[in-house]
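Secondary and tertiary structure notes
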Amino acid sequence: MRNILAWHRPLMIAGLVCAAAVPLGLLGTLVDPREVLGAPVWLKPTKFAVSIAIFCVTWAWLYDQLRSRRGRTRGAFLAGTVAAVALVVEMVVIAVQAGRGTTSHFNYTSRLDAGLWATMGISIVLVWLATLWVAAGLFAVRDLDPARTVAIRAGAVLALAGMALGFLMTSPTPDQLADFRGIAGAHTVGVPDGGPGVPLVGWSTLGGDLRVPHFVGMHALQLLPLLLIVFELAAGRVARLADPRARRDLMTTAAAGYTGMLALLTWQALRGQPLVAPDTLTVAAAGVLTVLVVAGAVVALRERRPVLTPGR
């Protein structure tokens, strides 16, 4: 545990605090019957606690990778610390608003609500800027395995893009501009927040939902490295995966496909289309993307000539 905490102590402490808050949030959903926008009042804090815990642990590990390879850590530790503090502040605001039985995001109903939302907004911007700083440092690391380099760098960039997509939710909708009732911003497109949603995550089943690409983008930093681990574990049984070039090309294909999927999900949400009810155009685009990814994987796994070394 001591070695893990040493990755980046502030981020790890923030992550562990949020992880400890998860069972409390689950208990709250069981004993507190209140709802906000049709969902249990403590469900949102619980989801954010899980997401922030994963975020903190992942970036703490990446900072440790940067430090262990003598990367540019000047300022990176401070950036990670700023992110940790800002994330804790965001989590506290969400929990306070849940305790008050109201929404935390986009809420200008009272001076207190507006002040808390402004505090969250500042925290979110600080987290994004701090994450950008650490991600930039990752690009200076040169001695990683090629496939790991692709997985980490692509995951970091896509995570930043996913985080940035959250800012699209802060613009007031036409209905809110026409009849302002204290809320300016929405997760959904084409329908009001709070309607029927996908179980657990709550993504709208009636309209577009920007939380979908926001979530998918943010967690590229976990999913792409996990895919690489699968490739590395399979290398002992699949001869082609023992070739570092094949793993690199497979990860490049996976990162390109993930980027395409993120763009497709964002496009679908902005068109006011539910994730679970894609139209013909969306299905066709997804089909083309799938074909391209499969073709890229086939090319990546093709037989190669051995690499010639000097003197041979």
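Looking now at the side chain of threonine 58. With respect to the secondary-structure elements, threonine 58 resides in helix H3 (residues 43-68). A polar atom in the side chain of threonine 58 sits 2.8 Å from the backbone oxygen of isoleucine 54. Setting aside residues no more than four positions away along its own chain, threonine 58 makes contact with Leu221 and Gln222.

With that settled, the discussion passes to the environment of tryptophan 7. Relative to the helices and strands, tryptophan 7 resides in the loop between helix H1 (2-5) and helix H2 (9-31). Expressed as a C-alpha distance, the spacing of tryptophan 7 and tryptophan 59, which sit 52 residues apart in the sequence, is 9.0 Å. The contact partners of tryptophan 7, leaving out residues within four places of it in the chain, are Met12, Val57, Ala60, Trp61, Tyr63, Asp64 and Arg67.

Under the defined criterion, the tally for this structure stands at nine salt bridges. We note a salt bridge from arginine 248 to aspartate 249, for which the minimum N-O separation is 3.0 Å. With a relative accessible area of 30%, arginine 248 lands in the partly exposed category. Here arginine 271 and aspartate 279 are joined by a salt bridge, their closest N and O atoms 2.5 Å apart.

All right, on to the side chain of serine 123 then. Among the secondary structure elements, serine 123 is positioned in helix H5 (residues 111-138). Each residue touching serine 123, except ones within four places of it in the same chain, is listed here: Ala86, Val89 and Glu90.

One number sums up the size of the second largest pocket: a volume of about 630 Å³. Taken together, 30 residues form the lining of the second largest pocket, with Thr173, Gln176, Gly185, Ala186 and Asp193 sitting closest to its centre. When contributions to the lining of the second largest pocket are tallied by element, the ones reaching two or more residues are helix H7 (174-178) and strand E3 (188-189). Sorting elements by how many residues they give to the lining of the second largest pocket places H7 first, with three residues. In terms of residue class, the lining of the second largest pocket is built from 14 nonpolar, twelve polar and four charged.

Moving on: the packing of helix H6 (residues 146-165) against helix H8 (residues 211-218). Packing of H6 against H8 brings their axes to within 7 Å, and their N-to-C directions diverge by 155 degrees. With respect to H8, the element H6 is oriented roughly antiparallel. Classified by chirality, the crossing of H8 by H6 is left-handed. Where H6 abuts H8, its residues Leu158, Ala159, Gly162, Met163 and Leu165 lie against Pro213, His214, Gly217 and Met218. Of the residues that constitute the contact of H6 with H8, the class distribution is six nonpolar, three polar and no charged.

What follows deals with empty space enclosed by the protein. One pass over the full model with this rule turns up three cavities of 30 Å³ or more. Roughly 50 Å³ of internal volume is contained in the second largest cavity. For the second largest cavity, the full set of lining residues is Leu11, Phe55, Trp59, Ala79, Gly80, Ala83, Ala130, Thr131 and Val134. Those elements giving two or more residues to the lining of the second largest cavity turn out to be H3, helix H4 (76-99) and H5. In terms of residue class, the lining of the second largest cavity is built from seven nonpolar, two polar and no charged.

What follows deals with the confidence of the model for the chain. Here the chain averages 88 in pLDDT, while 95% of its residues score no lower than 70. Below a pLDDT of 50 lies the segment residues 308-312, which in the model reaches zero contacts outside its immediate sequence neighbourhood of four places, other chains included.

Reading guide: rules and limits
- Every residue gets a number counted from 1 within its own chain, in the order that chain's sequence is written.
- For this predicted model, a pLDDT threshold of at least 70 governs which residues receive local features, and a threshold of 80 or more governs which side-chain atom pairs are given and counted, while totals over whole chains, interfaces and linings are taken from all residues.
- The side-chain figures draw on all heavy atoms in the structure; neither hydrogens nor water molecules are used.
- Helix numbering and strand numbering both begin at the N terminus, where a helix is a DSSP run of H or I of at least 4 residues and a strand a DSSP run of E of at least 2.
- By the criterion applied in these results, polar contacts are pairs of N or O atoms within 3.5 Å in which, for protein atoms, one can donate a hydrogen and the other can accept it, and in which residues neighboring in sequence qualify only through two side-chain atoms.
- Residues count as neighbours in contact if any of their non-hydrogen atoms are within 4.5 Å of one another.
- For salt bridges, the criterion is a side-chain nitrogen of Lys or Arg within 4 Å of an Asp or Glu carboxyl oxygen.
- Buried means the residue's accessible area, taken with a 1.4 Å probe over protein chains only, is under 20% of the maximum for its type, while exposed means over 50%, and partly exposed covers the values in between.
- A pocket here means an open set of points on a 1 Å grid, computed over the protein atoms alone, that has protein on both sides within 12 Å along at least five of seven lines. A cavity is instead a set of points where a 1.4 Å probe fits but cannot get out; residues with an atom within 4 Å of a point line either one.
- Grid points are joined across faces, edges and corners, and a volume is the space filled by probe spheres set on the points.
- Charged residues are taken to be Asp, Glu, Lys and Arg, nonpolar residues to be Ala, Val, Leu, Ile, Met, Phe, Trp, Tyr, Cys and Pro, and polar residues to be all remaining types, Gly included.
- Only C-alpha atoms enter the line fits that serve as axes; for helices the fit covers just the stretch in contact. Angles between N-to-C directions range over 0 to 180 degrees.
- The labels follow the angle: roughly parallel below 35 degrees, roughly antiparallel above 145, roughly perpendicular from 65 to 115, and oblique for the rest.
- A clockwise turn of the near helix away from the far one marks a right-handed crossing, whereas an anticlockwise turn of less than a right angle marks a left-handed crossing.
- Every residue carries a pLDDT, the predictor's confidence in it, which falls somewhere between 0 and 100.

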